Amino acid sequence: MLVRGVLGLALLALPMDAIGAERTAVGLAHTVLAGSMAVAATGAALFCGLGWRAVGAERLSRWSLAAAGVMALFAFLTLVAVRASVGTGLAERLLVGSYLVWMGGVGRELGITN
């Protein structure tokens, strides 16, 4: 998740290209970083799920592994949307939302959040 946070900060300097505009190097860098963030978050959920399974924290493990699957699905849908130039914004928001739901659920289960 630390890697994801650092990549998120880097995105501040790399705005996405306007919809329908020609691709630029900055826009491409934005897309690559955003994709890297999706991989990092999905990997974090997957590895947390496997780690929690190894120590017997079954609820956290099931939640994290399910979230990793949802994140992977939304990442794939986002990739398809970007390639087709249709519904990209919605797909991206579902992907980001899936990260946030996973982190919120883990926080709640660990007693960090209400």
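As shown above, the structure is provided for reference.
A. Focus on the packing of helix α3 (residues 58–84) against helix α4 (residues 88–109). Running from N to C, α3 and α4 point in directions that differ by 170 degrees, and their axes come no closer than 8 Å. Classified by the interaxial angle, the pair formed by α3 and α4 is roughly antiparallel. Classifying every residue of the contact of α3 with α4 gives 17 nonpolar, 5 polar and 3 charged.

B. Spatial organisation of the environment of Ala68. Among the secondary structure elements, Ala68 is positioned in helix α3. If we skip the residues at most four places from it in the chain, Ala68 touches Thr42, Ala45 and Leu46.

C. Summary view of the pattern of salt bridges. Going through the model one piece at a time under the given rule, you end up with 1 salt bridge. Residue Arg59 is joined to Glu109 by a salt bridge in which the shortest nitrogen-to-oxygen separation is 3.1 Å. Separated by 50 residues along the polypeptide, Arg59 in helix α3 and Glu109 in helix α4 bring together distant segments of the chain. A residue is classified by how much of its surface remains accessible, and Arg59, at 57% relative accessible area, is exposed.

D. Fine view of α4. In this model α4 runs 32 Å from its N-terminal to its C-terminal C-alpha over 22 residues, within 8% of the 32 Å that 1.5 Å per residue would give. When α4 is considered as a whole, its buried residues turn out to be Ala91, Leu95, Ser98, Tyr99, Trp102, Val106 and Gly107. Projected down its long axis, α4 carries its buried residues within an arc of 165 degrees, all on one side. The outward face of α4, more than 90 degrees from its buried face, is lined by the exposed residues Leu90, Arg93, Leu100, Val101 and Arg108.

E. Inspection of the packing of helix α2 (residues 25–54) against α4 at higher detail. Relative to each other, α2 and α4 sit at 30 degrees, their axes nearing to 10 Å. One way to sum up the angle between α2 and α4 is to call them roughly parallel. Seen along the crossing, α2 lies across α4 with a hand that is left-handed. Residues Met37, Ala38, Ala41, Ala44, Ala45, Cys48 and Trp52 of α2 pack against Leu95, Tyr99, Trp102 and Val106 of α4. Of the residues assigned to the contact of α2 with α4, the class counts are 11 nonpolar, no polar and no charged.

F. Spatial organisation of the nonpolar core. With 14 residues, the main nonpolar core has Ala45, Met71, Leu95, Tyr99, Trp102 and Val106 as its most contacted residues. Residue assignment for this core shows that the elements contributing at least two residues are α2, α3 and α4. When sequence neighbours within four positions are dropped, the list of residues in contact with Met71 reads Ala41, Thr42, Ala45, Leu95, Ser98, Tyr99 and Trp102. Ranked by size, the runner-up nonpolar core spans 5 residues in total, among them Leu7, Leu11, Leu33 and Met37.

How each quantity is defined
Residues numbered from 1 in each chain as written. Predicted model: local features only at pLDDT ≥ 70, side-chain atom pairs only at ≥ 80, totals over all residues. Heavy atoms only, no water. Axes fitted to C-alpha atoms, helices over the stretch in contact; angles between N-to-C directions. Helix = DSSP H or I, 4+ residues; strand = E, 2+ residues; numbered from the N terminus. Parallel < 35°, antiparallel > 145°, perpendicular 65-115°, else oblique. Nonpolar A, V, L, I, M, F, W, Y, C, P; charged D, E, K, R; others polar. Contact = heavy atoms within 4.5 Å. Salt bridge = Lys/Arg side-chain N within 4 Å of Asp/Glu carboxyl O. Buried < 20%, exposed > 50% of the residue type's maximum accessible area, 1.4 Å probe, protein only. Expected span 1.5 Å × (residues − 1). Arc of directions from axis to C-beta. Left-handed = near helix turned anticlockwise from the far one by under 90°. Core = buried A, V, L, I, M, F, W, Y, C linked by side-chain atoms within 4.5 Å.

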